[in-house]
Amino acid sequence: MAIVVRTATASFFKSKMESKKECVECAQPIKLRAKRCNHCASYQSALRRYLQMIVLTTGFALTTLTIYLLPPVKEMIEPQKADIKVSVVDSDFKAISFMIANVGNQTAAITQVQLETKAESGYHSVHYLKSDIDHSLLDPGKAKIVKASNGYLVPEAVSHEVRQMLANQNIKLEESCELVIQYIQLSGTKFYKQFPFACRLIDRGDIKIPPEK
Ligand SMILES: [Zn+2]
């Protein structure tokens with residue numbers, strides 16, 4: 001009788017041991033059919049572990065991105081500055097059209113637009129222009145087309161076609177005009193930025209082409 005009991009007990013323990021396996025991650029004994037370890041919570045299937053890792057990695061990446069995009073952190077990493085860029089579109093002797101953009105990360109208040117000439121003769125003129133951008137705000141990432149004039153004659157920008165034609169002959173026009181944009185950024189810093197372009201001056205009425213060498 002005692003022998004029977006002992007045999008039964010032994011076989012009971014044996015079957016209990018056989019129903020266990022080692023966790024692939026922490027090597028603790030877990031149930032043979034367990035899909036997930038009850039010690040370290042690891043999936044026992046390689047595919048499930050892989051998918052879990054992707055979720056964790058993506059979650060981490062998103063968290064990092066989210067933290068980075070929070071304004072205070074972004075401000076600590078990137079300097080805060082309004083940055084105005086200008087490109088002359090076209091003009092006649094009455095008005096000048098240009099594209100203005102704020103490629104910085106702070107709002108700019110445009111305070112003055114002027115067209116200056118810097119001819120070789122020493123003749124220097126400043127044309128204060130009026131437009132709908134005067135004393136208006138230009139937010140970061142925003143751009144607009146502006147037409148500026150002052151009721152008087154202003155130098156005329158050389159058209160893209162003429163510039164291209166001369167460039168094909170290796171003639172580079174002197175950029176004797178510049179559009180000057182004055183603006184203030186939120187911190188109070190004032191800027192004076194010059195954007196040179198080739199033009200026909202009023203007093204000469206002709207394009208200045210450098211002599212051939
Ligand atoms: Zn485990």
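Structure shown above.
Structural notes, computed from the coordinates. (Residues numbered from 1 in each chain as written. Predicted model: local features only at pLDDT ≥ 70, side-chain atom pairs only at ≥ 80, totals over all residues. Heavy atoms only, no water.)

### Some remarks on the sheet that holds strand β3 (residues 84-91)
- If you trace the three strands from one edge of the open sheet to the other, you get β3-β4-β8, paired in antiparallel fashion. Looking at which strands have only one partner, the edges of the open sheet turn out to be β3 and β8 (143-149). Each adjacent strand pair in this sheet contributes to an overall mean axis angle of 25°, direction not counted.
- Examined bridge by bridge, β3 and strand β4 (residues 95-102) share seven bridges and lie antiparallel to one another. Bridge assignment links I84 to a residue of β4, and that residue is N102. (Pairing = 2+ DSSP bridges. Helix = DSSP H or I, 4+ residues; strand = E, 2+ residues; numbered from the N terminus. Axes fitted to C-alpha atoms, helices over the stretch in contact; angles between N-to-C directions.)

### Some thoughts on the environment of Y128
- In this structure, Y128 sits in strand β6 (residues 124-129).
- Separated by 14 residues in sequence, Y128 and Q114 have C-alpha atoms that sit 4.5 Å apart.
- In contact with Y128, other than residues within four places in its own chain, are Q112, V113, Q114 and N150. (Contact = heavy atoms within 4.5 Å.)

### So, the coordination of the zinc ion
- Coordination of the zinc ion by the protein involves C23 (SG), C26 (SG), C37 (SG) and C40 (SG), with metal-donor separations of 2.2 to 2.3 Å.
- Its four donor atoms give the zinc ion angles of 107 to 112° at the centre, a pattern that matches the tetrahedral case.
- Mapped onto the polypeptide sequence, the residues donating to the zinc ion form the spacing pattern C-x2-C-x10-C-x2-C.
- Relative accessible area serves as the criterion here: at 3%, C23 is assigned to the buried category. (Donors = N, O, S within 2.8 Å, 3.2 Å for Na, K, Ca; no water. Tetrahedral: all angles 85-135°; square planar, octahedral: opposite > 155°, others 65-115°. Buried < 20%, exposed > 50% of the residue type's maximum accessible area, 1.4 Å probe, protein only.)

### Description of the nonpolar core
- One finds I84, F98, I100, L179 and I181 to be the most contacted residues of the largest nonpolar core, which totals 26 residues.
- Only β3, β4, β5 (108-118), β8, β10 (177-185) and β11 (190-197) provide two or more residues apiece to this core. (Core = buried A, V, L, I, M, F, W, Y, C linked by side-chain atoms within 4.5 Å.)

### What to know about unusual backbone geometry
- At A27, a residue that is not glycine, the phi angle is positive and equals roughly 65°.
- Relative to the helices and strands, A27 resides in the loop between β1 (20-22) and β2 (29-31).
- According to the relative accessible area criterion, A27 is partly exposed, its value standing at 42%.
- Even without being a glycine, H135 presents a positive backbone phi close to 55°.
- With respect to the element layout, H135 can be found in the loop between β6 and β7 (137-138).
- H135 sits in the exposed class, given a relative accessible area of 66%.

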